[in-house]
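Residue-level structure breakdown
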Amino acid sequence: MEYKDTLNLPQTDFPMKADLARREPDMLKWWEENSIYAKLREVAQGRPTFILADGPPYANGAIHLGHSINKVLKDVVVKSRTLDGYDAPYVPGWDCHGLPIEHQIEKARGKEVKSLDARAFRQACREYAMEQVNIQREDFKRLGVMGDWDRPYMTMQPRYEAEQLRAFARIWRNGHVYKGLKPVHWCLDCRSALAEAEVEYEDKNSPAIDVRFAVKDTADLAKRFGAQGSSASRASLVIWTTTPWTLPANQAVALGADIKYSLIDTGSELLVLASELAEAVLKRADVTDSKVLAQAAGSALEGLLLAHPFYERAVPVILGEHVTLDAGTGAVHTAPGHGHEDYVVGLKYKLKIDNPVGSDGRFVAGTPLFEGERVFDANKHVIEVLKERGALLHEETLRHSYPHCWRHKTPVIFRATAQWFISMEQKGLRQSALREIGKVKWMPGWGERRIGNMIADRPDWVISRQRTWGVPIALFTHKATGEAHPRSADLLDQVATLVEKDGIDAWADLDPAKLLGAEAEQYEKVTDIMDVWFDSGVMHHCVTQARPEITAPADLYLEGSDQHRGWFHSSLLTSAAMYDRAPYRAVLTHGFTIDEKGRKMSKSLGNVIVPQKVFNSLGADVLRLWIAATDYSNEMSLSDEILKRVAESYRRIRNTARFLLGNLAGFDPATDAMALDDLVAVDRWALWRTQQLQEEVVAAYRDYQFHLIYQKVHNFCSVDLGGFYLDVLKDRLYTTPAKSAARRSAQTAMYWIAEAMARWIAPILSFTGEEIWRHLSPTTAAGKRGQSVFFETWAQFPQGAAVRPTVDWDAILELRSAVAREIERLRNSGAIGASLDAEVDLYCAPALLQTLKPFGEELRFVFITSGARVHPSEGRPAEAAPAQEDESNAAWILVRPTEAAKCVRCWHKRPDVGQSTKHPELCGRCVTNIETAGEVRKYT
RNA sequence: GGGUCUGUAGCUCAGUUGGUCAGAGCGCACCCCUGAUAAGGGUGAGGUCGGAGGUUCAAAUCCUCCCAGACCCA
């Protein structure tokens, strides 16, 4: 028992049990109280910068897993770049305006909202958004994300809002903005536009009518069908609609290019119908006798002119992809002012966006036949008119799903209203954006195709919203012409100055005369606000203007892959519109979370995992490790089982660190570290391996391949260290004198491993990395240890560490596992328990013999056996087991139980136990280690 | 329906421009240790590389189709 006291066993306060959920908050407090982020900025000052621009999450609701992934990945990037020698500031942001927040206020206040004026409503939104920011901020911090949390950017900050107006002014000056018409959902009761989210679908009864659109030139029709002339005097295309009141705004009839149409003779007239639907249409129109004269694809009829059923207007046949054979006639009445698809196809054919309906839902003055009528009431009248003109083929009532206002529960209409657009074409914005896409590094590479297709296909950007909570489109329009003021850009800048002082209310409160003087009489303020995608999209301008540490273009944007349509997209367009360049040099995307079965997480499936639950039980570091370990370029699956696995991996890494720390107790690198050339060979190897691995780890960080880092570091802990190096090292660490060269050599290698590993894991396992850092010696090889691991750069190994050792360790490791197999066989036979119960004879081919010979007495430590001898392979006993495929390193192994007595100190079974009269229970080696400065080790 | 992707052992990932067996770690099973101990070590069993065709002397790696899944549109 007393001899145990002569051993150097591990000693450390670094707990095996991480207890992360409880301990991490203490670390957060320490980071905060010691202003680690602020100090880091000072430490990193003057280094080359790396700018990660933070895409602002929307300030509504608790953070979910997706937020966590995004923020943690950003944090890993920022921290790894910092350790890589960059100055990488991180200014987090929030997206604060917009409809969802308005809805939250409405929901919370109910009817009280109606009594709020716009100013009070905005104030309520502002307060709500701020609360949400605070909630989210706490969770982001809890995840261990390091950044300027005390000074984030928020799109509702007056400075940001002002810069946004300046950005808009710049885009205006560059000629990208125009005013146009676009149909939007319109509630007759709200008398305002509704967003998609404010529309719900309910059943409604509508008149469903089949209407004749007479062909102007029947000869042309016949020619297109390749049919002979017919006696029938009248030919018509038949459309089907459930909104008769939109017929006054009709501008075209759309057909499907690839749909087959039949020219049908009913005896009294010719009708054109989709072949597939003809029978059904004729049946409901009570046409009993008919024959098909000819058939043609829709594409053959493009451009055919038709007569509007009750106005003196010729309308063309056009082709649209939205035409289907689900119902109707295969011919779609097209009123670009009253339907989204009609609008889109109308743009293509440059159709007039006619809007005869006022905001009150009545036909405007000057509308022939229907002036002043309410649209839904007008249905009846329209049908009457159609009847009178002989255009009505059939009428019935249809119950169908129809959009309703979610507040009033009343049917809504599509109504063209004036909107502000950013044009993709008029100043070459599309071209500019597409060109810039090619200059950006997209990771993964397919992101370029994805966003490229979107930019290539997208229509002009509608930036106006008829809403309250947002940055105003601060334009003055002429009361008579509707045109924007000729000095709009300058006026926008002036408004920006006001907004910078008083926020967006400054626009609402503004007396036009203040800026326009006498002209004010002729102008009115636009009350629209901007699309929130514009808000966040100009972050590259707003934040760089307000924060000197953030510059544009950014080195990296990092968001979920949905942002190809979102923030990457809006940022690219605004930046191209303002500066004719992309706002980013590189874009990295991650996938979404799914469960282990590959399904997305949803409440209905009950497979949702919330980050709060994870960091309050397993700890943020475990969640961070999962994020880092997962290949985020695809979907990321998470389940309780996966978390369990990750937690186990975490423990392996942690315990490896603990073992290193425990054996480094009392080791002062400044005085105790040994020179590279004096290291025991295996320690030299360990240092080399560590150096090699660091190169791989650093390269993986630079490539954002974090999951490889996890694999490599974990493998290093399990295989190189646990499975070999540290296992072998134990004997030397424990049994040689504390200050002996043999032990100091081991500690020198372990010291460097610990120094390196703390840094490797710090960007990912930030809490644990910092915890290890604190348990490392207060002094380092270079001087005094810094306050935080994040102030460091990668470990600088001693000169020469990268030089590959001359000993063939690969061969030895292979041999070692062959020996282990033989030992296992012996163990399973019951002859031995521990490997120290065995001794091994090795019969080696020449090359291996060369490698092993120098080890001499130290060879047994490699196998952790009590004895190990090498012999030439010639004359090997028959029972020796063959091992090693490599011929030059071939070996035959013979393992057997040792007869010798066990040394009570080192547990090796040695023949020299008992030779010392002073220490009869010890082996010779232990006597040396107790009585002298210690044994000499050269190899292991 | 369209655009962009993904599918290798129970889990997480490797598999360079098609030609040595399809590999690693974890988990699992069994064993050992009890001086890293709610730790550590060893051995071992697990995959027809989503499915079906095709190109090729040769395919997890190329092509087609199908199935399942993700994101964004319609």
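Rules and cut-offs
- Residues numbered from 1 in each chain as written.
- Chains lettered and ligands numbered in written order.
- Predicted model: local features only at pLDDT ≥ 70, side-chain atom pairs only at ≥ 80, totals over all residues.
- Heavy atoms only, no water.
- Domains from an automatic or database assignment.
- Pairing = 2+ DSSP bridges.
- Helix = DSSP H or I, 4+ residues; strand = E, 2+ residues; numbered from the N terminus.
- 1 Å grid on protein atoms, 1.4 Å probe; cavity = no way out; pocket = protein on both sides within 12 Å on 5 of 7 lines; lining within 4 Å.
- Points joined across faces, edges and corners; volume = space filled by probe spheres on them.
- Nonpolar A, V, L, I, M, F, W, Y, C, P; charged D, E, K, R; others polar.
- Patch = residues over 30% accessible without salt bridge, like charges linked within 9 Å, V, L, I, M, F, W, Y side chains within 5 Å.
- Areas by Shrake-Rupley, 256 points an atom, 1.4 Å probe, with all protein chains shown as cover.
- Salt bridge = Lys/Arg side-chain N within 4 Å of Asp/Glu carboxyl O.
- Lys, Arg positive; Asp, Glu negative; His and termini not counted.
- Charge placed at Lys NZ, Arg CZ, Asp CG, Glu CD.
- Core = buried A, V, L, I, M, F, W, Y, C linked by side-chain atoms within 4.5 Å.
- Buried < 20%, exposed > 50% of the residue type's maximum accessible area, 1.4 Å probe, protein only.
- Contact = heavy atoms within 4.5 Å.
- Near = heavy atom within 4 Å.
- Polar contact = N/O pair within 3.5 Å; in protein donor to acceptor, adjacent residues only side chain to side chain.
- UniProt positions renumbered as here; feature names shortened; annotations may be inferred.
- Phe/Tyr/Trp six-rings, centres within 6.5 Å; stacked < 30°, edge-to-face > 60°.
- Lys NZ or Arg CZ within 6 Å of the ring centre and 35° of its normal.

Here the focus is the domain arrangement of chain A. Taken domain by domain, chain A comprises domain 1 (1-34 + 613-806), domain 2 (48-176 + 425-459 + 528-590), domain 3 (205-335 + 361-399), domain 4 (477-527) and domain 5 (827-899). Placing the centre of domain 1 and that of domain 3 at their C-alpha centroids yields a distance of 77 Å.

Moving on: the sheet that holds strand β5 (residues 192-194). Within the open sheet, the four strands sit side by side as β5-β4-β16-β18. Their pairing is antiparallel. At either end of the open sheet lies a strand with only one pairing partner, and these are β5 and β18 (461-462). With ten bridges connecting them, strand β4 (residues 177-187) and strand β16 (residues 413-422) associate as antiparallel partners. The partner of Tyr-178 across the bridge, within β16, is Phe-421.

Let us look at empty space enclosed by the protein. A full pass over the atoms with the stated rule returns three cavities of 30 Å³ or more. In this model, the largest cavity occupies a volume close to 60 Å³. As for the largest cavity, its lining consists of Leu-625, Ile-653, Ile-709, Tyr-710, Val-713, Trp-760, Ile-761, Ile-764 and Leu-765. Those elements that provide at least two residues to the lining of the largest cavity are α24 (706-735) and α25 (741-761). The element best represented in the lining of the largest cavity is α24, accounting for three residues. In the lining of the largest cavity, the residues fall into nine nonpolar, no polar and no charged.

As a further point, take a negative patch on the surface. A surface patch of negative charge is lined by Asp-808, Glu-814, Asp-886 and Glu-887. With respect to the helices and strands, the residue Glu-887 is situated in the loop between β31 (881-883) and β32 (891-897).

Counted as a void, the largest pocket has a volume near 1200 Å³. Lining the largest pocket are 43 residues, and of these Lys-182, Val-462, Ser-464, Arg-465 and Asp-531 sit closest to its centre. Broken down by element, the residue count for the lining of the largest pocket peaks at five residues, all from β4.

Counting residues in each nonpolar core, the largest one holds 223 residues, and the members touching the most others are Phe-168, Leu-556, Tyr-584, Phe-706, Tyr-725 and Leu-842. Ranked by the residues each element gives to this core, the list is headed by α24, at 14 residues. The residues contacting Leu-842, other than those within four sequence positions of it, are Leu-815, Val-819, Leu-852, Leu-859, Phe-863, Arg-869, Val-870, His-871, Trp-892 and Ile-893. Among the nonpolar cores identified, the runner-up in size contains 55 residues, and Leu-277, Ala-296, Phe-370 and Ile-383 belong to it.

Below, the discussion takes up the protein's contact with RNA strand B. Of all residues adjacent to RNA strand B, which total 53 residues, the nearest are Arg-449, Asp-631, Arg-658, His-707 and Arg-905. Restricting the count to atoms of RNA strand B within 4 Å of the protein gives a sugar and phosphate share of 82%. Between RNA strand B and Arg-905, the relevant distance is 2.5 Å, taken from a base nitrogen to a main-chain nitrogen or oxygen of the residue. For the surface near RNA strand B, the secondary structure elements donating two or more residues are α12 (446-457), α21 (640-663), α24 and α27 (809-828). For the surface near RNA strand B, the leading source of residues is α24, giving eleven residues. A class-by-class count of the residues in the surface near RNA strand B yields 16 nonpolar, 17 polar and 20 charged.

Under the UniProt annotation, the feature "domain: Zinc finger FPG/IleRS-type" (unreviewed entry) is placed at residues 902-928. Counted over residues 902-928, helix gives 19% and strand 11%. Its end C-alpha atoms are 16 Å apart.

With that out of the way, let us pick up the packing of aromatic side chains. For the coordinates displayed, the defined rule picks out 34 aromatic pairs. The interplanar angle of 85 degrees and the centroid separation of 6.4 Å between the aromatic rings of Phe-568 and Tyr-584 together place this pair among those described as edge-to-face. With Phe-568 in helix α18 (residues 567-579) and Tyr-584 in the loop between α18 and β24 (586-590), this residue pair connects regions lying 16 residues apart in the sequence. Tyr-584 carries the same exposure label as Phe-568, and that label is buried. On the basis of an interplanar angle of 80 degrees and a centroid distance of 5.3 Å, the ring pair of Trp-685 and Phe-724 is categorised as edge-to-face. A residue pair is termed long-range when its members are at least 10 positions apart, and Trp-685 in helix α23 (residues 681-702) and Phe-724 in helix α24 qualify at 39 residues. For Trp-685, a relative accessible area of 5% corresponds to the buried category. Using a relative accessible area of 3% as the deciding quantity, one classes Phe-724 as buried. Within the aromatic cluster, the residues linked to one another by ring pairs are Trp-685, Phe-724, Tyr-725, Trp-809, Phe-855 and Tyr-939. The aromatic ring of Trp-31 is capped on one face by Lys-79, whose charged end is 5.8 Å from the ring centroid.

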